[in-house]
Structure formats: C-alpha cells, structure tokens
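Single-letter residue listing:
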Amino acid sequence: MACANTSWSEENFSCSICLDVFSSPVTTTCGHNFCRTCITKFWDEQVKYKCPVCNKLFNTRPDLQVNTFLSELAAQFRTTVRVKEQPCVEPGEVPCDVCTGTQQKAVKSCLMCFTSYCQTHLEPHQRVAGLKKHRLVEPMDRLEDRMCKKHDRLLELFCRTEQVCVCQFCREADHKSHPVVPLKEEYEVKTALLGKIEAEVPQMIQERKLKIKEIKDTVELSNKDADREIAHGGQVFTALIGCVEKGRDEFNQTVQEKLKSTVKRAEDLIKELEQEIEDLTNRRSKVKRLSHTEDHLHFLQTFRSLKDPPPTRDWTTVEVRPPSYVGTLRRSLDQLEETLNMEMKKLPDSELKRVQQYEVDVTLDPDTAYPCLILSEDGKQVHDGGVWKDLPDNPKRFTYYACVLTRQSFSSGRFYFEVQVKDKTVWWLGVARESIDRKGETVWTPETGYWTLLYTKEGLAFSDNPDVDLPLRAGLQKVGVFVDYDEGLVSFYDVEARVHIYSATGCTFTEPLYPILDDGDINSAPLIISPVNQQTRTLV
C-alpha cells in the first residue's frame with residue numbers, strides 16, 4: 001500500500017471557530033474563511049456583525065456564499081489525512097522495526113540482529129558481506145520472546161522431559177541429561193498429534209450432539225410421563241373429591257333430617273299446647289260469666305257442662321330434646337376412609353408396573369460370596385450350605401455375614417430387580433454401597449452403606465438404627481427392589497400382592513450401589529433373583 005505524504009498543514013484547512021477542517025467554507029469580505037454553520041451561529045449570538053479573526057465590523061449582515069475552491073481543497077485534505085493515518089501494515093502482518101513514522105510491512109527477520117526489516121531496510125543485509133552471514137527467517141513478531149532469558153540465545157531446541165523450549169546453552173547445562181530435540185522435530189511430532197486430535201474432535205462433537213439429542217429425548221419423555229401422571233392423578237383426585245363431596249352431602253343431609261324431625265316434633269307439641277290453651281281460655285271465660293249469673297236454673301244447667309274439665313295431656317313428662325349428632329361425623333368419615341383405602345389399594349399395582357419397566361439383569365458374584373454360600377451356575381440362586389469352604393480371602397469377599405453381591409453395580413439412573421424369598425425364614429436383601437466393610441461386624445444402616453429389608457420370625461423391618469418395624473405380610477413370596485439413584489430413593493414391594501412395603505427417601509448416594517442378598521437361614525430353599533412376570537409389567 002502506498003503511503004500518503006503532503007506538505008499541507010491542517011491549520012491551512014481549519015476553521016478558526018470550530019478548529020476542525022472546513023465544512024462548506026465561506027469567505028468574508030476581509031478575506032477570512034469559516035465553516036458556514038460556524039459563522040452563522042456566531043453572528044446569531046452577536047448584536048453587531050464582525051469578523052471573529054480581525055474584528056472588522058460590517059454595517060449589515062453579509063450574504064455569504066460557499067467558497068467552492070476552498071471546499072474542494074478541504075475535501076482533498078480530509079482524504080489525504082485519512083490515507084496518512086492508515087497504517088501500511090495489515091492486521092496479522094509484522095511491521096518493520098526500523099521504519100520511522102508510518103511502518104512498512106517486514107519481509108524478513110534477522111535472528112542475529114533480533115530485528116524485522118521491510119524490503120527497503122533489508123537492503124544492507126543483502127549487500128554488506130558481514131550482514132549477509134546473518135540468519136534471515138520469515139517475519140517473526142516479538143523476537144524477544146524467542147530468546148532465552150537466561151542466556152540471550154535463540155530458543156531453537158525442545159526439552160521433552162520438561163516440555164519447554166531451550167537454547168543450546170540450556171541443553172549443555174540444566175537439560176544436559178534430558179532428551180532434547182530440534183524444534184522442527186518436536187513440531188512434526190506435535191503436528192501429528194494435533195492431526196490425531198483434530199480427527200477426534202468431529203467424533204467428540206458428534207458424541208455431544210447425540211448426548212444433546214438423548215437429553216432432549218429424555219426431557220420429551222419426562223414431559224409425556226408428567227402429563228400422563230398428572231392425568232392419572234387428576235382422575236384419582238377427582239374421584240376422591242367426588243367421594244368427599246358425596247360424604248359431605250350425605251352428612252349434611254343426615255344432620256338436616258335429624259334437625260327436621262326435632263323441629264317437626266316441637267311444632268306438633270306447640271300446636272297441641274296452643275290448642276289446649278285455647279280450650280282452657282274458653283272454659284275460663286265461661287266460668288267467669290257463669291259466676292256472675294243469678295239465674296238459678298241457667299246456672300245449674302250450665303254448671304253441669306263445666307264441672308268436668310276438657311281432656312288435656314300431662315305435660316310434666318313431655319320434653320323436646322336436641323337431636324344427637326354423636327357418631328354422625330365419625331360414621332361419615334369411616335365411610336370416606338373406606339373409600340380412600342380402596343383407592344389406595346389400586347395405587348401400588350399401578351406404581352409397581354411403572355417401576356418394573358426399569359428391570360435389570362443381575363447375576364451374583366462368587367468372588368464376594370461368604371464361604372458357606374452355594375451359588376447356582378447361572379448366578380441367580382444362593383443358599384447357605386452350612387459348610388465353610390476354603391476359598392481365597394480376597395478384599396471383595398464377605399467373611400463375617402452370609403452375604404453376596406451382584407457382579408453389576410449402578411452409579412446413576414433407576415434400576416429394579418425381584419428376589420423370590422419363598423420358604424425362607426431369615427433373610428436380608430436390598431442394595432449396598434461399594435465401600436461397605438466386608439470383613440467385620442457392622443450395624444446395617446444407611447449410614448454404614450446398607451439399604452435393606454430384614455425378615456425374621458419376629459417380623460419385617462427396614463434395617464436402620466433403630467429398625468423401622470413394618471406390618472408382617474402373610475404369604476410374602478417375592479420382593480421387588482426399586483432404586484432411583486439420582487433421586488435418593490429405595491423402595492420395596494410385595495410383588496405377588498402388588499403392595500408397596502416401604503420406601504427410604506432422601507438417601508445420599510456417592511458410590512456405586514450393588515444389589516445384596518443375605519441368606520441367614522440354613523435350609524435348602526434358595527433366594528432366587530427372578531425375572532419380572534411379563535404379564536404384569538405393561539404400563540397402565
């Protein structure tokens with residue numbers, strides 16, 4: 001790019017009012033130039049019209065015309081100034097270190113002079129014999145950064161031990177025992193590695209795109225699950241609300257009927273009393289009139305009809321009692337409770353079908369099994385044989401409790417499995433974290449890493465400190481275990497009865513979880529990891 005050069009001064013093209021390059025310049029009769037806008041505004045604020053430079057007074061306000069010649073010169077000056085201000089080095093290019101004023105683009109850098117030169121200032125290196133021996137390279141920016149701070153020598157080697165660039169003196173001193181190679185050689189190695197990384201990036205991008213799709217699909221599925229759950233819950237609550245409203249209406253009706261009956265009896269008694277009062281009032285009037293008559297015949301004839309009082313009730317034993325509502329509300333609530341219980345019994349079946357969708361295929365790990373336990377070949381059954389076997393005491397094996405873990409562990413998501421416990425009188429089952437103590441005596445609690453259900457002749461309980469006693473379920477044959485790792489939930493189900501047994505909520509899982517079985521009953525009946533019955537796992 002050619003650089004502009006001119007002897008014009010900016011003062012020659014500047015307005016003395018705004019001190020900027022003329023814009024639509026005008027000339028007064030005294031020969032001074034101003035921007036038209038500037039001089040117009042100046043005179044608008046003055047009482048007398050005068051030149052701002054020489055103070056010459058004008059009798060009338062001058063009629064100014066734009067000086068076209070000066071306007072063209074000012075426009076050209078603006079253009080040359082912009083050209084002059086533009087650098088001759090494009091972004092990303094290395095400037096010449098010798099140029100003064102406007103810098104030209106460097107074409108070479110000298111590793112002996114530590115200077116970059118444009119074509120003009122490079123000429124001595126191409127002509128002078130001593131300078132011709134200097135090592136010229138493609139233009140390099142910040143040559144000082146390419147020099148060893150300790151020895152002031154070019155960094156042209158690479159230490160593979162410390163992964164740093166070094167100079168020749170460094171190689172012979174601090175890095176003497178290290179493998180050191182030329183920068184070009186390490187560059188080729190790193191370039192090949194970079195090529196490998198570059199090839200891996202599209203795959204990594206694709207993997208992340210797939211993960212985004214997986215997450216979006218999960219969100220979409222979650223929305224559908226939520227909609228279905230809300231719809232189902234809405235139906236249940238609508239039915240329950242209907243039951244409550246029906247119970248309320250029936251309760252109100254019962255109370256109103258009792259009140260109505262009482263009011264009716266009171267009204268009938270009052271009517272009867274009022275009638276008797278009316279009869280007695282009439283009798284009193286007749287008696288009073290008769291008492292004042294002096295007609296002996298009339299008196300005696302009338303007295304015979306008055307001597308016997310009219311028939312009246314003995315009101316001393318008659319009373320109106322307020323209606324009794326004792327038990328009315330209780331009976332209504334008992335009926336409502338019965339309805340709610342019926343609805344509650346429907347929920348576990350629906351809930352169990354949902355968690356069964358997360359069934360996992362797990363097999364028992366013989367390397368963890370207590371030496372008295374006997375496992376089936378397929379890893380699905382275990383029972384205590386009562387005989388201690390001489391097995392390797394590896395770190396994974398239980399040597400105090402008759403336990404066995406599965407080969408599979410889970411560190412996220414949800415999983416479900418079922419264990420047949422038929423004919424067993426003592427057992428534990430559930431999940432345990434990886435770091436549990438497998439060699440000594442431990443209280444089985446969530447704090448020590450166990451989330452298990454315990455069954456003995458004393459009853460059923462969730463293992464905790466203290467244990468959570470649960471209603472003993474008659475005929476318990478198969479137990480389902482559901483875990484939501486991310487939500488911190490462990491739930492147990494009576495599979496055959498389709499009933500929820502217990503849920504441990506708010507659990508904190510920080511390690512892989514393993515399904516765990518403990519056979520505390522020395523008999524031939526095994527604990528069996530069973531597949532989910534396909535007929536019961538269809539979603540409702």
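Scroll up for the structure.
What this report covers is the structure whose coordinates are included nearby. In this text, all values refer to a predicted model and were calculated from it rather than measured experimentally.

The rules behind the values
- Residues numbered from 1 in each chain as written.
- Predicted model: local features only at pLDDT ≥ 70, side-chain atom pairs only at ≥ 80, totals over all residues.
- Heavy atoms only, no water.
- 1 Å grid on protein atoms, 1.4 Å probe; cavity = no way out; pocket = protein on both sides within 12 Å on 5 of 7 lines; lining within 4 Å.
- Points joined across faces, edges and corners; volume = space filled by probe spheres on them.
- Helix = DSSP H or I, 4+ residues; strand = E, 2+ residues; numbered from the N terminus.
- Nonpolar A, V, L, I, M, F, W, Y, C, P; charged D, E, K, R; others polar.
- Patch = residues over 30% accessible without salt bridge, like charges linked within 9 Å, V, L, I, M, F, W, Y side chains within 5 Å.
- Areas by Shrake-Rupley, 256 points an atom, 1.4 Å probe, with all protein chains shown as cover.
- Salt bridge = Lys/Arg side-chain N within 4 Å of Asp/Glu carboxyl O.
- Buried < 20%, exposed > 50% of the residue type's maximum accessible area, 1.4 Å probe, protein only.
- Pairing = 2+ DSSP bridges.
- Axes fitted to C-alpha atoms, helices over the stretch in contact; angles between N-to-C directions.
- Contact = heavy atoms within 4.5 Å.
- Core = buried A, V, L, I, M, F, W, Y, C linked by side-chain atoms within 4.5 Å.
- Phe/Tyr/Trp six-rings, centres within 6.5 Å; stacked < 30°, edge-to-face > 60°.
- Lys NZ or Arg CZ within 6 Å of the ring centre and 35° of its normal.
- Parallel < 35°, antiparallel > 145°, perpendicular 65-115°, else oblique.
- Left-handed = near helix turned anticlockwise from the far one by under 90°.
- Polar contact = N/O pair within 3.5 Å; in protein donor to acceptor, adjacent residues only side chain to side chain.

## Quick word on the layout of surface pockets
Step number 1: Quantified by volume, the largest pocket comes out at close to 710 Å³.
Step number 2: As for the largest pocket, its lining consists of 25 residues, and the residues nearest its centre are Glu229, Arg354, Val355, Tyr358 and Arg414.
Step number 3: Here the element with the most residues in the lining of the largest pocket is helix H6 (residues 183-291); it accounts for 10 residues.
Step number 4: Considering only residue class, the lining of the largest pocket consists of 10 nonpolar, 7 polar and 8 charged.
Step number 5: Its boundaries defined by the atoms lining it, the second largest pocket holds a volume of some 250 Å³.
Step number 6: What lines the second largest pocket is Leu111, Arg135, Val137, Met140, Asp145, Arg146, Leu154, Leu155, Glu156, Cys165 and Leu183.
Step number 7: A class-by-class count of the residues in the lining of the second largest pocket yields 7 nonpolar, no polar and 4 charged.

## A closer look at a nonpolar patch on the surface
Step number 1: A grouping of Leu193, Leu194, Ile197, Val201 and Ile205 is seen on the molecular surface, where their side chains present a nonpolar patch of about 420 Å² in accessible area.
Step number 2: Secondary-structure assignment places Ile197 in helix H6.
Step number 3: Take Ile197: its relative accessible area is 40%, and that puts it in the partly exposed class.

## A short note on the pattern of salt bridges
Step number 1: In this structure the tally under the stated criterion is 25 salt bridges.
Step number 2: One salt bridge in this structure joins Lys108 and Glu138, with 3.1 Å as the shortest N-O distance. Here the residue Lys108 occupies a position in strand S5 (residues 108-110), and Glu138 occupies one in the loop between strand S7 (136-137) and strand S8 (157-159), the gap between them amounting to 30 residues.
Step number 3: Residue class for Lys108 comes out partly exposed when judged on its relative accessible area of 26%.
Step number 4: For the salt bridge of Arg321 with Glu319, the shortest nitrogen-to-oxygen distance reads 2.6 Å.
Step number 5: Residue classification places Arg321 among the exposed positions, given a relative accessible area of 61%.
Step number 6: Its relative accessible area of 42% is what places Glu319 among the partly exposed residues.
Step number 7: Each of Arg160, Glu185, Glu186 and Lys190 takes part in a single network of salt bridges with overlapping partners.

## Thoughts on the sheet that holds strand S9 (residues 164-166)
Step number 1: The sheet built from 3 strands is open, its strands ordered S9-S8-S10 with antiparallel pairing. Single-partner strands in this sheet number two, and they are S9 and strand S10 (180-182). When strand polarity is set aside, the average angle formed by the axes of neighbouring strands in this sheet is 35°.
Step number 2: Alignment of S8 against S10, held across 3 bridges, turns out to be antiparallel. Across the sheet, residue Cys159 finds its bridge partner in S10, namely Val180.
Step number 3: Packed onto the sheet, H6 meets S8, S9 and S10 and runs at close to 90° relative to S10.

## Focus on the nonpolar core
In summary, soluble globular proteins display a tendency toward joint burial of nonpolar side chains.
Step number 1: Trp427, Trp451 and Val479 are the most contacted members of the largest nonpolar core, which has 38 residues in total.
Step number 2: Core analysis: the second largest hydrophobic core is formed by 17 residues, Phe22, Cys35, Leu64 and Leu73 among them.

## Structural notes on the packing of aromatic side chains
Step number 1: Taken as a whole, this structure holds 14 aromatic pairs when the rule is applied.
Step number 2: Measuring from centroid to centroid gives 5.3 Å for Tyr485 and Phe509, while their planes differ by 40°, and the two rings are tilted. Here Tyr485 is found in the loop between strand S19 (478-484) and strand S20 (489-494), whereas its partner Phe509 is found in the loop between strand S21 (499-504) and strand S22 (513-519), with 24 residues between them in sequence. You'll find Tyr485 and Phe509 in the same group, each marked buried.
Step number 3: Linked through ring pairs, Tyr400, Tyr401, Trp428, Trp444 and Tyr450 together constitute an aromatic cluster.
Step number 4: The ring of Trp315 carries Arg313 above its face, with NZ or CZ at 5.0 Å from the centroid.

## A short note on the pairing of strand S17 (residues 459-462)
Step number 1: Side chains of S17 alternate between two faces, with Gly459 and Ala461 and Leu460 and Phe462 buried alike.
Step number 2: As paired strands, strand S16 (residues 450-456) and S17 are joined by 4 bridges and run antiparallel to one another. When the sheet's bridge partners are listed, Thr456 is paired in S17 with Gly459.
Step number 3: Linking S16 to S17, which pair antiparallel, is a turn of 2 residues.
Step number 4: Of the pairings in the sheet, the one linking S17 to strand S18 (residues 468-470) comprises 3 bridges and is antiparallel in character. Within S18, the residue paired with Ala461 across the bridge is Asp469.
Step number 5: If you look at the hairpin formed by S17 and S18, you'll find 5 residues sitting between the two strands.

## Examining the packing of H6 against helix H7 (residues 296-306)
Step number 1: Interaxial distance between H6 and H7 falls to 11 Å at its minimum, and their mutual angle equals 160°. The angle between the axes of H6 and H7 places the two elements in the roughly antiparallel class. Regarding H6 and H7, the two cross each other, and that crossing is left-handed. Between H6 and H7, the residues in contact are Arg283, Lys286, Val287 and Leu290 and His298, Phe299, Thr302, Phe303 and Leu306, respectively.
Step number 2: Class assignment for the residues of the contact of H6 with H7 results in 5 nonpolar, 2 polar and 2 charged.

## Description of the environment of Thr102
Step number 1: Of note, Thr102 is situated in the loop between helix H2 (68-85) and S5.
Step number 2: Between the C-alpha atom of Thr102 and that of Val387, which follows or precedes it by 285 residues, the distance is 96 Å.

## Describing the sheet that holds strand S6 (residues 115-117)
Step number 1: The 3 strands lie next to each other as S6-S5-S7, forming an open sheet whose pairing is antiparallel. Whereas interior strands pair on both sides, the edge strands pair on one side only; in this sheet they are S6 and S7.
Step number 2: Relative to S6, S5 is paired through 3 bridges, and the arrangement is antiparallel. By the bridge assignment for S6, Lys108 is matched with Tyr117.

## Notes on the side chain of Thr115
Step number 1: Residue placement: Thr115 occurs in strand S6.
Step number 2: A distance of 3.0 Å separates a polar side-chain atom of Thr115 from the backbone oxygen of Cys113.
Step number 3: Look past the residues within four positions of Thr115 in its chain and what remains in contact with it is Asp97, Val98, Lys108, Ser109, Cys110 and Leu143.

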